[in-house]
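Structural features, examined
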Amino acid sequence: MNTQNGNVASKESSSRWGTDPKVRLSCVIAEQRSYLLELCQVWNLQLSAGNEAEEVCNILCAMSKNVWDEGVLDWMRDKPLLSFHVVQPWLEAKAHAARLYGKTGLEAWTYANRSLKDCMAFEGAMIRMDAS
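Residues numbered from 1 in each chain as written. Predicted model: local features only at pLDDT ≥ 70, side-chain atom pairs only at ≥ 80, totals over all residues. Heavy atoms only, no water.

**A short note on the pattern of salt bridges**
- Overall, the coordinates contain four salt bridges when judged by the stated rule.
- Here D69 ties to K65 by a salt bridge, and the two come within 3.0 Å at their closest N and O atoms. With a gap of four residues between them, D69 and K65 both fall in helix α3 (residues 49-70), about one helical turn apart.
- Assessed through its relative accessible area of 34%, D69 is described here as partly exposed.
- Between D74 and R77 there is a salt bridge, with the nearest N and O atoms lying 3.1 Å from each other.
- Taking the relative accessible area as the measure of exposure, R77 reaches 43% and is therefore partly exposed. (Salt bridge = Lys/Arg side-chain N within 4 Å of Asp/Glu carboxyl O. Helix = DSSP H or I, 4+ residues; strand = E, 2+ residues; numbered from the N terminus. Buried < 20%, exposed > 50% of the residue type's maximum accessible area, 1.4 Å probe, protein only.)

In structure tokens:
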């Protein structure tokens, strides 16, 4: 899948995955692995530096979105309980991004990670506010 279409595919996948938590989790894990493989293949596309950086950033942002949107198993703890199998490819992506794309890859991962932390903090605050 080309990540330029990834954001659309990600939105469509929510309805495709249904409401069964186990099925949804399995689908997200598969998608995370797919994104990781895609990340490792961007360099094969022979893109310009700017397009390559954008593609890498898009993949990493899609992976981080999966972590906070689908990978949280329990928000009602001091720190949300995350699915290891959703987070693992995300963490592996950092090493691959740095190894394959150098400073650009590391900056893209840092950007996506900052976004993940901000979204997690906001989501957690909203859930705690609703619970009170």
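**Side note on the confidence of the model for the protein chain**
- When pLDDT is averaged across the protein chain, the result is 88; 89% of the residues are at 70 or more.
- Ranking the elements of the protein chain by mean pLDDT puts helix α1 (residues 6-17) last with 52 and α3 first with 96. (pLDDT = per-residue confidence, 0-100.)

**Considerations on the packing of helix α2 (residues 21-41) against helix α4 (residues 84-131)**
- Orientation of α2 relative to α4, taken along the N-to-C sense of each, is 5 degrees, at an axis distance of 9 Å. What the angle tells us is that α2 and α4 run roughly parallel. Facing L25, V28, I29, Q32, R33, L36, L39, C40 and Q41 of α2, the residues of α4 in contact are H85, V86, P89, W90, E92, A93, H96, A97, L100 and Y101.
- The residue inventory of the contact of α2 with α4, partitioned by class, reads 13 nonpolar, four polar and two charged. (Axes fitted to C-alpha atoms, helices over the stretch in contact; angles between N-to-C directions. Parallel < 35°, antiparallel > 145°, perpendicular 65-115°, else oblique. Contact = heavy atoms within 4.5 Å. Nonpolar A, V, L, I, M, F, W, Y, C, P; charged D, E, K, R; others polar.)

**Focus: the packing of aromatic side chains**
- Overall, the coordinates contain one aromatic pair when judged by the stated rule.
- Both rings, one in W90 and one in W109, keep their centres 4.8 Å apart while their planes meet at 20 degrees; by these two values the pair is stacked.
- A relative accessible area of 3% places W90 in the buried class.
- Above the plane of the ring of W68 lies K65, whose end atom (NZ or CZ) is 5.8 Å from the centre. (Phe/Tyr/Trp six-rings, centres within 6.5 Å; stacked < 30°, edge-to-face > 60°. Lys NZ or Arg CZ within 6 Å of the ring centre and 35° of its normal.)

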